[in-house]
Amino acid sequence: MFQNDRYAGIFERQQMNGPSMGYVRVLHAVPDAPNVDVYANDQQIAKNLAFGEITPYMPLKPGNYIIRLYAAGTKDSPLLTNSMTVNKDSSATIAVAGTLDDMGFILFPDSEMSMDQGMAMVRFVHLSPDAPAVDVALPDGTVLFEDVAFKQRTPYLSVPPMKYTLQVSPTGMPEAVVAAPNVNLESNKLYTVYAIGFADQEPELQALLLTDK
């Protein structure tokens, strides 16, 4: 997970507000967009966030929020505006996805199912704007997730804790377009693998593994 001390003061102030909170983090997944700042109402929850970066989870009081995205260092005209509800004892990832000319917020609830004790839980999210639907498989051909289209997420899958090599390929095609070797999935933890970047231009397609709260 991306960590940065520019969030430390915000996080510490919010922690003092009490335990009945919801938690959100922000993922910048727009390959051709500049660095961004993100606000929930008037509270900054992402600062100078670059493509491929993720904030820590930020505690927010339960309630309704207006989420605004600005080019980093500005606050005159938002590039995006949307609404979001934060629920008590919930966690979610706000992904900024698409391309600079056609981007939007997508809210992915995290940790939305019970854990199988002793197992690892993993899911896949497709956020590459120019890639077709994809399969995610192991090197032996075992398909974990099938025919996942842009902006879609899979359910969590329970797997034995160990190191995996995950291969992403266009649906029905054997050749992987991106691989994530030595992915260490630990017991009693939840993970999301995000496919981000462009399939046919720079920055190129990559797999981003995040631990979910």
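As a starting point, this report considers the structure included with it. Counting restarts for each chain: residues are numbered from 1 in the order of the written sequence. The predicted nature of this model means local features are confined to residues of pLDDT at least 70 and side-chain atom pairs, given and counted, to a pLDDT of 80 or more, with totals for whole chains, interfaces and linings taken over all residues. Water and hydrogen atoms play no part in the side-chain values, which are based on all heavy atoms of the structure.

## Quick notes on the environment of S20
Right, on to step 1. Assignment of secondary structure puts S20 in the loop between α1 (8–15) and β1 (22–29).
Right, on to step 2. Judged by its relative accessible area of 37%, S20 falls in the partly exposed class.
Right, on to step 3. Distance from S20 to P62, taken between C-alpha atoms, is 7.8 Å for residues 42 residues apart in sequence.
Right, on to step 4. Residues are treated as being in contact if the distance between any of their heavy atoms lies within 4.5 Å. Setting aside residues no more than four positions away along its own chain, S20 makes contact with P62 and K88. Secondary structure follows DSSP: runs of H or I at least 4 residues long count as helices, runs of E at least 2 residues long count as strands, and numbering of each begins at the N terminus. The cut-offs for exposure are 20% and 50% of the maximum accessible area for each residue type, with area from a 1.4 Å probe on protein chains only; residues under the lower value are buried, those over the upper are exposed, and the others partly exposed.

## Looking at the sheet that holds strand β4 (residues 58–60)
To summarise the sheet geometry, strands pair through backbone hydrogen bonds and adopt either a parallel or an antiparallel arrangement.
Right, on to step 1. Across the sheet, which stays open at both edges, the four strands sit in the order β4-β1-β7-β8 with mixed pairing between neighbours. On the outer flanks of this sheet lie β4 and β8 (102–110), each paired with one strand and no other. If you compare each strand with its neighbour and ignore which way they point, the axes differ by 30° on average.
Right, on to step 2. By definition, two strands form a pair when at least two bridges between them are found by DSSP. Direction of pairing for β1 relative to strand β7 (residues 91–99): parallel, over a ladder of seven bridges. From the neighbouring strand, H28 faces β7, where its bridge partner is V96. Helix axes use the C-alpha atoms of the stretch in contact, all axes being lines fitted to C-alpha atoms, and the angles between their N-to-C directions lie in the range 0 to 180 degrees.

The analysis is restricted to geometry; functional conclusions fall outside its scope.
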